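Take a look at the letters that make up each chain.
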Amino acid sequence: MVKMTMIARVTDGLPLAEGLDDGRDLADAEMYKQQVKALFKNLSKGHNEASRMSIETGPYVFHYIIEGRVCYLTMCDRAYPKKLAFQYLEDLKNEFERVNGAQIETAARPYAFIKFDTFIQKTKKLYLDTRTQRNIAKLNDELYEVHQIMTRNVQEVLGVGEKLDQVSQMSSRLTSESRIYADKARDLNRQALIRKWAPVAIVLGVVFLLFWGKTKLW
């Protein structure tokens, strides 16, 4: 069954809505929510490009779809049918775009569309029992296929993001150090030129002063 639902803007990872009663009966609910936030952060940096993915985490699976720069994510039991999980997300996506589509880009605060929880709870109840005639029909719908959707492990997905962050930080550090070394090299070259030409300039200055002094005397 559906255990958790969250919606976020992909461009910056801003959470837009979630199921308000999610996690009340879930052990380690906060840990899973932190994993979701880390995943949203990775998505905002372009670390995962798949528009649909399933991510295994403990006894559960995160399923997400990305459309219109918005990520719709749910966490379900591993035994819950993948096909129903993604159709549940499709239902959320269609309604969220219809109701809030024009305001998504301008949302400036977290959970700006928290009232969408009402629709989340109503839709979640429809997908609660996989044996209802409605859900059996959805499972048998050959036009909606999920076999091609990749399944990965949460450590693998989040680990890739962390490694890319480390590479990015290392690259930034190397760039900064290169600039420092370049500045130091310019300073050393300038000092070398001064040491090389300063005596010549002094001699020329003395000659000029002597010549100027003799001219005055004459």
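- Per an unreviewed UniProt entry, the protein goes by the name 25.3 kDa vesicle transport protein and belongs to Hibiscus syriacus.
- Annotation of the protein in UniProt includes, under Sequence similarities (unreviewed entry), the sentence "Belongs to the synaptobrevin family."

**Remarks on the sheet that holds strand β6 (residues 150-153)**
Phase 1 of the analysis: Strand order in the open sheet made by the six strands is β2-β1-β5-β4-β3-β6, with mixed pairing throughout. This sheet does not close on itself; its edge strands, each paired only once, are β2 (15-18) and β6. Across the sheet, the mean angle from the axis of one strand to that of its neighbour is 20 degrees, orientation sign disregarded.
Phase 2 of the analysis: The pairing of strand β3 (residues 52-57) with strand β4 (residues 60-67) spans six bridges and is classified as antiparallel. Following the sheet pairing, Thr57 is matched in β4 by Tyr60.

**With respect to helix α3 (residues 117-126)**
Phase 1 of the analysis: Within α3 the residues assigned to the buried category are Asp117, Phe119, Ile120, Gln121, Thr123 and Lys124.
Phase 2 of the analysis: On the buried face of α3, the contacting elements are β1 (2-9), β2 and α2 (82-100).

**Describing the pattern of salt bridges**
Pairs may arise between side chains of opposite charge once their charged atoms sit close together.
Phase 1 of the analysis: All chains considered together, the criterion is met by 13 salt bridges.
Phase 2 of the analysis: Notably, a salt bridge pairs Asp12 with Arg9, separated by 2.7 Å at the nearest N-O pair.
Phase 3 of the analysis: By relative accessible area, Asp12 is classed as partly exposed at 42%.
Phase 4 of the analysis: Given the relative accessible area of 6%, Arg9 is considered buried.
Phase 5 of the analysis: Residues joined in a network through salt bridges with shared partners are Arg52, Glu67, Glu90, Lys93 and Glu97.

So, how was this worked out
- Residues numbered from 1 in each chain as written.
- Predicted model: local features only at pLDDT ≥ 70, side-chain atom pairs only at ≥ 80, totals over all residues.
- Heavy atoms only, no water.
- UniProt positions renumbered as here; feature names shortened; annotations may be inferred.
- Pairing = 2+ DSSP bridges.
- Helix = DSSP H or I, 4+ residues; strand = E, 2+ residues; numbered from the N terminus.
- Axes fitted to C-alpha atoms, helices over the stretch in contact; angles between N-to-C directions.
- Buried < 20%, exposed > 50% of the residue type's maximum accessible area, 1.4 Å probe, protein only.
- Contact = heavy atoms within 4.5 Å.
- Salt bridge = Lys/Arg side-chain N within 4 Å of Asp/Glu carboxyl O.

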